[in-house]
Amino acid sequence: MAGFRPLSTGLRALRPGAFGADPRGERMARIRRSPHFKDGVFQNPGGPARTRPSGSTLDFAKVFFDKETRPRRSPQGTVPLHSTTLADIARPPATGLRLTWMGHSSVLAEIDGRRVLFDPVWGERCSPFPFAGPKRLHPVPLPLAALGPVDVVVISHDHYDHLDMPTIKALAGTDTLFAVPLGVGAHLEHWGVSADRLRELDWHETTKIGGLALTATPARHFCGRGLRNTQHTLWASWVVAGESHRIYHSGDTGYFDGFKEIGAEHGPFDATMIQIGAYSDFWPDIHMTPEEGMRAHLDLQGGPEHGPMLPIHWATFNLATHPWADPGEGTVAAARAVGARIALPRPGEPFEPTAETVPSEPWWRGVALAPEGGFPAGEALADAAIKTASDAAAMAQADTEGDGRAGAAKGTENPETLPAG
């Protein structure tokens, strides 16, 4: 019969290339040897985590399709992008460290003469299908080809809003290396990345690339791209350390005590990039609220006096039921409450975390629906930043004076108590 196709062909057509590939052979054998793989799946730190909406489907649908709250989940105007990104990153960072947030969790980090690209997503949708799924709420600030050479691409896990097939296929034609969690390399090889360009790590493993040490560290999340969620690929946060600087990228994670251990072993950091969006009471174990994100930042840093926090995983895709501006507003409030330093760049706005100033304007307020009663006064964030800088300077002065008095006053003063994380 004309036009007849065997069933197997039809079934193959239902599996898009974006689904990637399952680990097999030696890759799967290595996964089975991992101390974090048990009973056929990777295990989360802190015990099992809910990876699907809790409660009934009807309850979730009522919230998700609510006509009154849905308009607040998207910007009401054009998201302001930084206009001179290309010219800005053409100059080397004066301090040796510069971060450029491209939206969501995608960050270009220029660190000690090397370039690291975290979770690059340049696609129009985070979905296996070009015609459905969450669509961008703002354009990418810069074409991928305009970035220039990248030394290493770091992937946190294999969800569509972190691992984007079109982006990986474009990068496969370059000389960049890829640092990924266990099992994720199967997707990349399926999309044209050669095995010799992959550095596939378990938690607590480190690889050296061009003078940088990249360490996969634990996170509390899950994985999966296809119709079956096999939990055969690992998820991770990442520490990147150069000769003079070190940074941390959280990937996706719920809050857990492991942040303190990561900070004690690898910190403090010149900057942290922390997930603060797409949270919900329906999945509280796998994404952090802004308040939890700030707790994680303080755990990693040992207190608010160290490098700033860059909030990530928000503003670019509508992935939860909270208002679009809430992650930004929540981060501002959380930072103000503890006197922590945060960076609030527009998408595409480079900044140097160790410089005297970082972007601090709540830029989203111009295009978001204001909450009842309006947004808080703009001076509050500036006051918090000034207070933090003043406190840091006072602490440094006290340390200097204390060192000068050490010989005469040794053992006569109580040790200084730092703010707890």
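First, a word on scope: everything that follows refers to the structure included in this document. Keep in mind that what you see is a predicted model, and the values were worked out from it rather than measured.

Here we come to the sheet that holds strand β11 (residues 237-241). If you walk across this open sheet you meet the six strands as β9-β10-β11-β12-β13-β14, and the pairing is mixed. Looking along the sheet, the strands with just one partner apiece sit at the ends: β9 (206-209) and β14 (309-312). Averaged over all pairs of adjacent strands, the angle between strand axes in this sheet comes to 15°, irrespective of strand direction. Pairing between strand β12 (residues 246-249) and strand β13 (residues 271-275): three bridges, direction parallel. By the bridge assignment, Tyr 248 is partnered in β13 with Thr 272.

Where β11 and β12 come together, four bridges link them in antiparallel fashion. For Val 240, the partnering residue across the bridge sits in β12 and is Ile 247. Connecting β11 to the antiparallel partner β12 that follows it, the hairpin turn spans four residues. At this point the chain moves from β12, through helix α7 (residues 258-266), to the parallel β13, and the crossover so formed is right-handed.

Within the element layout of this structure, Asp 161 appears in the loop between β6 (152-154) and α5 (165-172). The side chain of Asp 161 is buried and forms no salt bridge, while Arg 225, the nearest opposite charge, is found at 7.7 Å. Among the polar contacts listed, one links the side chain of Asp 161 to the side chain of His 104, at a separation of 2.8 Å. Engagement of the side chain of Asp 161 in a polar contact is seen with the side chain of His 313, the distance being 3.2 Å. When neighbours within four sequence positions are excluded, Asp 161 is seen to be in contact with His 104, Val 121, Cys 126, Asp 252, His 313 and Leu 319.

It is worth spelling out the packing of helix α8 (residues 290-301) against helix α9 (residues 326-338) at this point. Closest axis-to-axis distance for the α8/α9 pair is 8 Å, and the angle between their directions is 45°. Looking at the two axes, α8 sits oblique to α9. Crossing hand, α8 versus α9: right-handed. On α9, the residues touching Pro 290, Glu 291, Met 294 and Leu 298 of α8 are Asp 326, Pro 327, Gly 330, Thr 331, Ala 334, Ala 335 and Val 338. Of the residues assigned to the contact of α8 with α9, the class counts are seven nonpolar, two polar and two charged.

In this section: the side chain of His 159. Along the chain, the position of His 159 falls in the loop between β6 and α5. Overall, His 159 belongs to the buried group, its relative accessible area being 10%. Residues within four places of His 159 in sequence aside, it is in contact with His 221, Phe 222, Cys 223, Gly 224 and Arg 225.

Moving on, we get to the environment of Thr 84. Within the secondary structure, Thr 84 is located in the loop between α3 (57-64) and α4 (85-90). For the pair formed by Thr 84 and Leu 142, sequence separation is 58 residues and the distance between their alpha carbons is 9.5 Å. A polar side-chain atom of Thr 84 sits 3.2 Å from a polar atom in the side chain of His 82.

Analysis parameters
- Chains are numbered independently. Their residues run from 1 in the order of the written sequence.
- Residues qualify for local features only when their pLDDT is at least 70, as the model is predicted, and side-chain atom pairs are given and counted only at 80 or more; totals for whole chains, interfaces and linings, by contrast, use all residues.
- Based on all heavy atoms of the structure, the side-chain values leave hydrogens and waters out of the count.
- Between any two strands, at least two bridges found by DSSP are needed for them to pair.
- Starting at the N terminus, helices and strands are each numbered in turn, a helix being any DSSP run of H or I of at least four residues and a strand any DSSP run of E of at least two.
- The angle between two axes is taken between their N-to-C directions and runs from 0 to 180 degrees, where each axis is a line fitted to C-alpha atoms and a helix contributes only its stretch in contact.
- When the strands point away from the viewer, a crossover counts as right-handed if the path from the first strand over the helix to the second runs clockwise.
- When accessible area is computed with a 1.4 Å probe and restricted to protein chains, residues below 20% of their type maximum are described as buried, those above 50% as exposed, and intermediate ones as partly exposed.
- Within this scheme the basic residues Lys and Arg register as positive and the acidic residues Asp and Glu register as negative, but His and the chain ends are omitted.
- One side-chain nitrogen of Lys or Arg within 4 Å of one carboxyl oxygen of Asp or Glu is enough to make a salt bridge.
- In the analysis that follows, any N or O atom pair within 3.5 Å is treated as a polar contact, provided that within protein one partner can donate a hydrogen and the other can accept it, and provided that, for residues neighboring in sequence, both atoms belong to side chains.
- Residue contacts follow a heavy-atom distance rule, with two residues in contact if any of their heavy atoms lie within 4.5 Å.
- Reported orientations rely on four angle classes, namely roughly parallel under 35 degrees, roughly antiparallel over 145, roughly perpendicular from 65 to 115, and oblique for the rest.
- Left-handed describes a crossing whose near helix is turned anticlockwise from the far helix through less than a right angle; right-handed describes the clockwise counterpart.
- Three residue categories are used. Nonpolar comprises Ala, Val, Leu, Ile, Met, Phe, Trp, Tyr, Cys and Pro, charged comprises Asp, Glu, Lys and Arg, and polar comprises the others, including Gly.

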